[in-house]
Amino acid sequence: MADSFDVAVIGGGPGGYNAAIRAGQLGLTSACIDKRGAFGGTCLNVGCIPSKALLHASHLFDEARNEFPKLGIKATVELDLPGMMAHKTKVVGELTKGVEFLLKKAKSEAIVGEARITAPGKIDVKLKDGATRSLTAKNIVIATGSDVAPLPGVTVDEDTIVSSTGALSLKTVPKRLLVVGGGYIGLELGSVWRRLGSEVTVVEFLDRITPGLDGEIGKNFQRILGKQGIKFQLSTKVVGVEKTSAGLSVTVEPAAGGAQSKIDTDIMLVSIGRIAYSDKLGLADIGVALDSRGRVTTDAYYKTNVPGIWAIGDVREGPMLAHKAEDEAVACIENIAGRAGHVNYDAIPAVVYTAPEVASVGKTEEELKAAGVAYKTGKFPFTANARAKTIAATDGFAKIIADAKTDRVLGVHILGANAGEMIAECALAIEFGASSEDIARTSHPHPTLSEAIRQSAMGVEGWTMQM
Ligand SMILES: Cc1cc2nc3c(=O)[nH]c(=O)nc-3n(C[C@H](O)[C@H](O)[C@H](O)COP(=O)(O)OP(=O)(O)OC[C@H]3O[C@@H](n4cnc5c(N)ncnc54)[C@H](O)[C@@H]3O)c2cc1C
């Protein structure tokens, strides 16, 4: 077994494993090191994949109970929570094994252990059996991802006070679930447990949920989640939690300060964000620069300030998303191989996998206003879309934002069923520099939800036809 590589990647998540695969494709020898034991990182083990497995299963459960009667289907459904969790575990197992297969195919050595950079080009890996394996690499790619952000004064025990990881594996459906943080992870997991029967309250410090979303979309999204039964306490912060004989007593106060009050709950999910995982890598000793939020600083080529050391994914700046990590992996390795890798950050979509879904790519109206860019919008509601009617999913709308002068698409925001699948078309439009007219004049199959995107594009020039 060689201990010397062209590229050693620390972290086996979407950033790390895709970097190792691309390295193999470009003829570079590589190793991919992860301490977790199963490859795939946060995304496959405790993130995107298990959450989507539970979101899908709980959505079907909810549909069967509440929507089937509207479609003329009578069904008696019963929750089998262990069975639902088994589905999740099976999917995670298959996909993490799949990553091992892909690494093997790319001739990348998958090493299980905790890596520490001892000097530029040198890594010590603490293996499972306690032994240390020393590696040398011409290039080291840091892809160590992120971890749950702690809430001051609150200790996560993954029993009654849980992070997203614990919330993916609750043994029973809690009667009451308090979600701290109205970001996409809290809302997705809150939705899972609401559908399975929990009373869900979301406490959010800001005066709105999902702060990065287009404001109009965010407002409508909150209204729809409210109709589904999720309660919101905005502009509120959690300042403490006490275990009582009846569960948890959570102390909250207005974000701006003021009188405290209590919320009783059975489970509290702390989901106030994630922080870059740059600890324990020896970065301070070798002088790799971090920003004020502990993220590894890189240039546009993913190079850190130390020659031969690169960083990608959640551990560096930018949206903490699996596909962003993957895009950076490809670009970083191509740069290492002497090619011209780059990522277009204006064309990275983001999706909230609730029902309805929320998907966006490019700029929001708020961002364009702040930047002083003149724009036009076109909108189309799913209530006027034939497919949405046939599948009884008429909540939401699609919105296209285009440059007022050039008509170039600057942003697309969709609140509606299947928004996450439809946004790929819009990312492609932005990547190709499309105008709203290009989308409006592109044939879209009928009847599909995607026709709402076309109709909203027509709306930019004021010729929406089906409303
Ligand atoms: C509940 C939840 C749901 C999510 N859903 C989505 C979604 O639907 N879509 C989406 O795009 N994103 C989603 N995300 C975010 C997504 O998981 C991350 O953006 C993505 O995993 C980042 O990839 P990464 O490769 O940068 O890091 P990670 O996936 O975090 O991988 C980093 C790996 O590095 C390992 N590591 C750290 N330090 C060391 C070391 N010293 N030595 C060896 N190994 C080390 C860690 O064990 C980890 O396995 C979700 C996250 C969570 C928590």
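Just so it is clear, the structure is predicted and the values come from calculations on it, not from any experiment.

The rules behind the values
Residues numbered from 1 in each chain as written. Predicted model: local features only at pLDDT ≥ 70, side-chain atom pairs only at ≥ 80, totals over all residues. Heavy atoms only, no water. Axes fitted to C-alpha atoms, helices over the stretch in contact; angles between N-to-C directions. Helix = DSSP H or I, 4+ residues; strand = E, 2+ residues; numbered from the N terminus. Left-handed = near helix turned anticlockwise from the far one by under 90°. Contact = heavy atoms within 4.5 Å. Nonpolar A, V, L, I, M, F, W, Y, C, P; charged D, E, K, R; others polar. Near = heavy atom within 4 Å. Polar contact = N/O pair within 3.5 Å; in protein donor to acceptor, adjacent residues only side chain to side chain. Areas by Shrake-Rupley, 256 points an atom, 1.4 Å probe, with all protein chains shown as cover. Domains from an automatic or database assignment. Buried < 20%, exposed > 50% of the residue type's maximum accessible area, 1.4 Å probe, protein only. Expected span 1.5 Å × (residues − 1). Phe/Tyr/Trp six-rings, centres within 6.5 Å; stacked < 30°, edge-to-face > 60°. Lys NZ or Arg CZ within 6 Å of the ring centre and 35° of its normal. Pairing = 2+ DSSP bridges. Buried area = accessible area lost by both parts, 1.4 Å probe. Salt bridge = Lys/Arg side-chain N within 4 Å of Asp/Glu carboxyl O.

Honestly, the packing of helix α3 (residues 48-66) against helix α6 (residues 184-195) in this entry has me stumped. Any pointers?
For any two helices packed against each other, the geometry is given by the interaxial angle and the distance between the axes. The geometry of α3 relative to α6 is characterised by a closest axis approach of 9 Å and an angle of 35° between their N-to-C directions. In terms of crossing hand, the pair formed by α3 and α6 is left-handed. In this structure, α3 uses S51, K52, L54, L55, S58, H59, F61, D62 and R65 to contact α6, whose residues at the interface are E188, L189, S191, V192, R194 and R195. For the contact of α3 with α6, the class distribution of residues is five nonpolar, four polar and six charged.

How should I be thinking about the site of the ligand in this particular structure?
Around the ligand, 40 residues are found, and the nearest of them are G15, D34, T42, K52 and A322. M320 is positioned with one of its backbone polar atoms (N or O) 3.3 Å from an oxygen atom of the ligand. Alone, the ligand offers 1,000 Å² of accessible surface; in the complex the protein occludes 97% of this. At the level of elements, α1 (14-25), β2 (30-34), α2 (41-46), α3, β3 (108-119), α6 and α9 (322-336) are the ones that each hand at least two residues to the shell around the ligand. Here the shell around the ligand gets four residues from one element, more than from any other, and that element is α2. Here the shell around the ligand is composed, by residue class, of 17 nonpolar, 16 polar and seven charged. Taken domain by domain, the makeup of the shell around the ligand includes at least three residues from each of domain 1 (4-148 + 275-343) and domain 2 (161-272).

Just to check I follow, could you spell out the environment of V148 for this structure?
For V148, the position within the fold is in strand β6 (residues 146-148). Overall, V148 belongs to the partly exposed group, its relative accessible area being 22%. On a C-alpha basis, the gap between V148 and A325 in space is 17 Å, while along the polypeptide they are 177 residues apart. Residues in contact with V148, not counting those within four places in the same chain, are S163, S164, V270, G273, R274 and I275.

When you look at the packing of α3 against helix α4 (residues 81-105) in this model, what are you seeing that I'm missing?
Where α3 meets α4, the axes come as close as 9 Å, and the angle between the chain directions of the two elements is 145°. When the axes of α3 and α4 are compared, the crossing they make is right-handed. The residues of α4 that touch α3, namely those facing I49, P50, A53, L54, A57, S58 and F61, are M84, M85, H87, K88, V91, V92 and L95. Broken down by class, the residue content of the contact of α3 with α4 amounts to eleven nonpolar, two polar and one charged.

Mind showing me how you'd approach α4 here?
Note: α-helices contain 3.6 residues per turn, so residues at a spacing of three or four share the same orientation. Spanning 25 residues, α4 covers 36 Å between terminal C-alpha atoms, matching the ideal 36 Å at 1.5 Å per step. Looking only at α4, the buried set comprises L81, M84, M85, K88, V92, T96, V99 and L103. In the core, the buried residues of α4 are packed alongside α1, β2, α2, α3, β3 and α6. Its side-chain oxygen 3.0 Å from the backbone nitrogen of G83, D80 forms the N-cap of α4. K107 occupies a position one or two residues after α4 and carries a positive phi of about 55°.

What is the right way to read unusual backbone geometry from this model?
Leave glycine aside and you will find that most residues have negative phi; peptide bonds, for their part, are mostly trans. Cis rather than trans, the peptide bond between A355 and P356 has omega equal to 0°. Note on placement: P356 falls in the loop between β17 (350-352) and β18 (357-362). The peptide bond linking H446 to P447 adopts the cis configuration, its omega dihedral lying at -5°. Inspection of the secondary structure puts P447 in the loop between α13 (436-440) and α14 (451-460). A positive phi is found at E158, a non-glycine position, where the angle reads about 55°. Note on placement: E158 falls in the loop between β6 and β7 (161-162). Residues other than glycine seldom take positive phi values, yet D407 does so here, at roughly 70°. Secondary-structure assignment places D407 in the loop between β20 (397-403) and β21 (409-416).

What am I meant to see in the packing of aromatic side chains here?
Aromatic ring pairs are described here by two measures, namely the spacing of the ring centres and the angle between the planes. For the structure on display, the rule yields zero aromatic pairs. Taking the ring centre of F397 as reference, the NZ or CZ of K379 above it sits at 5.6 Å.

Would you mind going over the sheet that holds β7 with me for this structure?
Where strands meet in a sheet, backbone hydrogen bonds hold them as pairs that are either parallel or antiparallel. Taken in spatial order, the five strands line up as β7-β14-β8-β9-β10 in an open sheet, and their pairing is parallel. Looking at the sheet topology across the chains shown, the edges are occupied by β7 and β10 (231-233). Bridge count between strand β8 (residues 176-180) and strand β9 (residues 199-203): five bridges; the pairing is parallel. The residue of β9 that forms the bridge with L177 is V200.

So what exactly am I meant to see when it comes to the domain arrangement of the chain here?
Many descriptions give the size of an interface as the accessible area lost when the pieces come together. Splitting the chain by domain gives domain 1 (4-148 + 275-343), domain 2 (161-272) and domain 3 (347-460). With centres defined by C-alpha atoms, the gap from domain 1 to domain 3 works out at 30 Å. At the interface, nine residues of domain 1 touch six residues of domain 3. Here domain 1 and domain 3 share an interface that buries about 610 Å² over both sides, 76% of which is from carbon and sulfur atoms. Our count for the domain 1 to domain 3 interface comes out at zero salt bridges. Counting across the domain 1 and domain 3 interface gives one residue pair in polar contact (both at pLDDT 80 or more). Contributing elements (two or more residues each) for the side of domain 1 that touches domain 3: α3 and α9. Tallied by class, residues from the side of domain 1 that touches domain 3 come to four nonpolar, two polar and three charged.

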